[in-house]
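Take a look at the letters that make up each chain.
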Amino acid sequence: MKNRYYFLIFIILLFIGLSVGQYLSVVDKQRKETADFINKQIILCGKTIDEQTNEFEETVSYEFAERDFQYLLDPEPERFSSEIQIDKINQLIKRVRRFYSKYQIIISRISVYNPDYIRNFDRDEENYFTVSDIRKLDTKAVLAENPKLTDKNNKISYIQPVRDSKGKLVANLQIDLRIDDFLSANFDKFYVGKNSWQWAINANGDIISYKFSESQNENTFSTDIIEQLKTNLNDNLSLSLYH
C-alpha cells in the first residue's frame, strides 16, 4: 500500500515538475518574443527618424538653394518692379510657407535674416501662418556659410545658408526645431505596449525627450542607466577620434 502512495506522490510531483517546467518555458519564450518585438520596434523607429531627418536636410538644401532672398529682406520693397515683387518676393514667401507646412511637426518658427534685417514666419494652433514685417537687427548678424545646428538655452535650430542665383551668400534661414514633438510623433507610430517608456538622449547623454505609453499615467522620467549610457557615449566618441 505504501508503495502505491509513494508512486502516486511521485506521479503528482512529476506532473507538478513538468507543469512548472512547461510554464517557465512558455514564460521564457514570451519574454524572448517580447524582447525581439521591442528590439524590432526600436530599430524601425530609429530608421524612420533617420530617414525623416535626412529628407528634411535634403529638402532644406534643395528648396532654398540659389534663391534671391535679398529681395525678401529689402526694407524698401516698393522700389522694385511689380515683376520682382510678384516673381521674387511673393514666390519666396509661398515657398517658405509650403516648406513650413510640410514639416510643421518639427518646426516652431522660421526666420530669414541677412546681416542687417530679419523676417519671421510663424504658425498658430489653428494652422494660420503669419509673416512679420522686416525688422532691423539690434546688432549685425554674422552669416553662416555652411549648414549647422545650434543649441542656445535648450532651443535647437538648424541654420541653412542661402545664396542667390550668382552664388553669393545673401541670407541665413534659421529653422527653430520642436525636437520633442517630432520624437513623440514617431514614438506613437511604434507602440510597444502598456507600462512602457520611450525616451531619447542627445550626444551628451542628456534626456531630451520621454513619453509614457499611457498618457494619463505620464510622470517625470528618470533612469539609473543614464550614467552607463554617458560612459558608453564618451568611449565611442574617444574611439572615433582615435581612428
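Our subject is the structure listed above.
In this report, we go over the structure that sits alongside the text. Predicted model only: the values in this text are computed from it and were never measured.

Cut-offs and rules
- Residues numbered from 1 in each chain as written.
- Predicted model: local features only at pLDDT ≥ 70, side-chain atom pairs only at ≥ 80, totals over all residues.
- Heavy atoms only, no water.
- Helix = DSSP H or I, 4+ residues; strand = E, 2+ residues; numbered from the N terminus.
- Buried < 20%, exposed > 50% of the residue type's maximum accessible area, 1.4 Å probe, protein only.
- Contact = heavy atoms within 4.5 Å.
- Areas by Shrake-Rupley, 256 points an atom, 1.4 Å probe, with all protein chains shown as cover.
- Pairing = 2+ DSSP bridges.
- Phe/Tyr/Trp six-rings, centres within 6.5 Å; stacked < 30°, edge-to-face > 60°.
- Lys NZ or Arg CZ within 6 Å of the ring centre and 35° of its normal.
- Core = buried A, V, L, I, M, F, W, Y, C linked by side-chain atoms within 4.5 Å.
- 1 Å grid on protein atoms, 1.4 Å probe; cavity = no way out; pocket = protein on both sides within 12 Å on 5 of 7 lines; lining within 4 Å.
- Points joined across faces, edges and corners; volume = space filled by probe spheres on them.
- Nonpolar A, V, L, I, M, F, W, Y, C, P; charged D, E, K, R; others polar.
- Polar contact = N/O pair within 3.5 Å; in protein donor to acceptor, adjacent residues only side chain to side chain.
- Patch = residues over 30% accessible without salt bridge, like charges linked within 9 Å, V, L, I, M, F, W, Y side chains within 5 Å.
- Salt bridge = Lys/Arg side-chain N within 4 Å of Asp/Glu carboxyl O.

1. Comments concerning the overall build of the protein chain
In step 1: What the protein chain contains, in helices and strands, is five helices and nine strands.
In step 2: Of the regular secondary structure in the protein chain, the N- to C-terminal order runs α-α-α-β-β-β-β-β-β-β-α-β-β-α.
In step 3: Scored against the burial criterion, the 243 residues of the protein chain give a buried share of 31%.
In step 4: Taking all contacts inside the protein chain whose residues are at least 6 apart in sequence as the whole, residues at least 24 apart take part in 50%.
In step 5: Carbon and sulfur atoms provide 51% of the accessible area of the protein chain, an area that totals close to 16900 Å².

2. Quick look at the pairing of strand E5 (residues 148–152)
In step 1: Pairing of E5 with strand E6 (residues 155–163), which is carried by five bridges, proceeds in the antiparallel orientation. Pairing of Lys-148 across the sheet is with Ile-159, part of E6.
In step 2: Between E5 and E6, which pair antiparallel and follow one another directly, the connecting turn spans two residues, one of which, Asn-153, has a positive phi of 55 degrees.

3. Considerations on the packing of aromatic side chains
In step 1: By the definition in use, this model includes seven aromatic pairs.
In step 2: Judged by centre distance (5.3 Å) and plane angle (85 degrees), the rings of Phe-56 and Tyr-103 are edge-to-face. Here Tyr-103 lies in the loop between helix H3 (82–102) and strand E1 (107–113) and Phe-56 lies in helix H1 (residues 2–63), a separation of 47 residues in the sequence. Summarising the burial analysis for this pair, Phe-56 and Tyr-103 share the class buried.
In step 3: Both rings, one in Tyr-100 and one in Phe-129, keep their centres 5.2 Å apart while their planes meet at 80 degrees; by these two values the pair is edge-to-face. Highlighted residues: Tyr-100 in helix H3 and Phe-129 in strand E3 (residues 129–131), separated in sequence by 29 residues. Taken individually, Tyr-100 and Phe-129 each receive the classification buried, so the pair is uniform in this respect.
In step 4: It is Lys-136 that lies over the ring of Tyr-117; its NZ or CZ is 5.1 Å from the centre.

4. Examining the nonpolar core
In step 1: By size, the foremost hydrophobic cluster in this structure holds 35 residues, and its most contacted members are Phe-56, Phe-69, Phe-99, Ile-107, Ile-110 and Ile-175.
In step 2: Of all the elements in the fold, those that place two or more residues in this core are H1, helix H2 (69–72), H3, E1, E6, strand E7 (169–177) and helix H4 (179–189).
In step 3: Looking at this core element by element, the count peaks at six residues for H3.
In step 4: Membership of the second largest hydrophobic core comes to seven residues, among which are Ile-118, Leu-143, Ala-144 and Leu-169.

5. So, the layout of surface pockets
Over the atoms a probe the size of a water molecule is rolled, and this reveals where empty space is left.
In step 1: Space inside the second largest pocket adds up to approximately 270 Å³.
In step 2: Together, 13 residues line the second largest pocket, and Tyr-113, Thr-150, Lys-152, Ile-159 and Gln-174 are the ones closest to its centre.
In step 3: Elements that contribute at least two residues to the lining of the second largest pocket include exactly E5, E6 and E7.
In step 4: Of the residues belonging to the lining of the second largest pocket, the class tally is five nonpolar, five polar and three charged.

6. Here's the deal with the side chain of Ser-111
In step 1: With respect to the helices, strands and loops of the structure, Ser-111 is situated in strand E1.
In step 2: Among the residues examined, Ser-111 registers a relative accessible area of 5% and is labelled buried.
In step 3: Within the structure, Ser-111 has its side chain in polar contact with the side chain of Asn-120 (distance 2.7 Å).

7. Thoughts on the environment of Ile-175
In step 1: On the secondary structure map, Ile-175 appears in strand E7.
In step 2: Here the alpha-carbon distance between Ile-175 and Ser-108, two residues 67 residues apart in the chain, equals 7.6 Å.

8. A few points about a nonpolar patch on the surface
In step 1: On the surface, Phe-37, Ile-38 and Ile-42 cluster together to form a nonpolar patch covering roughly 260 Å² of accessible area.
In step 2: Relative to the helices and strands, Phe-37 resides in helix H1.
In step 3: Look at Phe-37 and you get partly exposed, because its relative accessible area is 39%.

9. Focus on the environment of Gln-85
In step 1: Among the structural elements, Gln-85 can be located in helix H3.
In step 2: Here the alpha-carbon distance between Gln-85 and Tyr-71, two residues 14 residues apart in the chain, equals 8.1 Å.
In step 3: Excluding its chain neighbours within four sequence positions, the residues that come into contact with Gln-85 are Pro-77, Glu-78, Phe-80 and Asn-90.

10. Quick notes on the pairing of E6
In step 1: Two strands pair when backbone bridges link them, and E6 and E7 are joined in this way by seven bridges, in the antiparallel orientation. Across the sheet, Val-162 pairs through a bridge with Ala-171, a residue of E7.
In step 2: With antiparallel pairing between neighbouring strands as the criterion, E6 and E7 make up a hairpin whose turn holds five residues, including Gly-167 at a positive phi of roughly 90 degrees.

What is shown is where atoms sit, not what they do.
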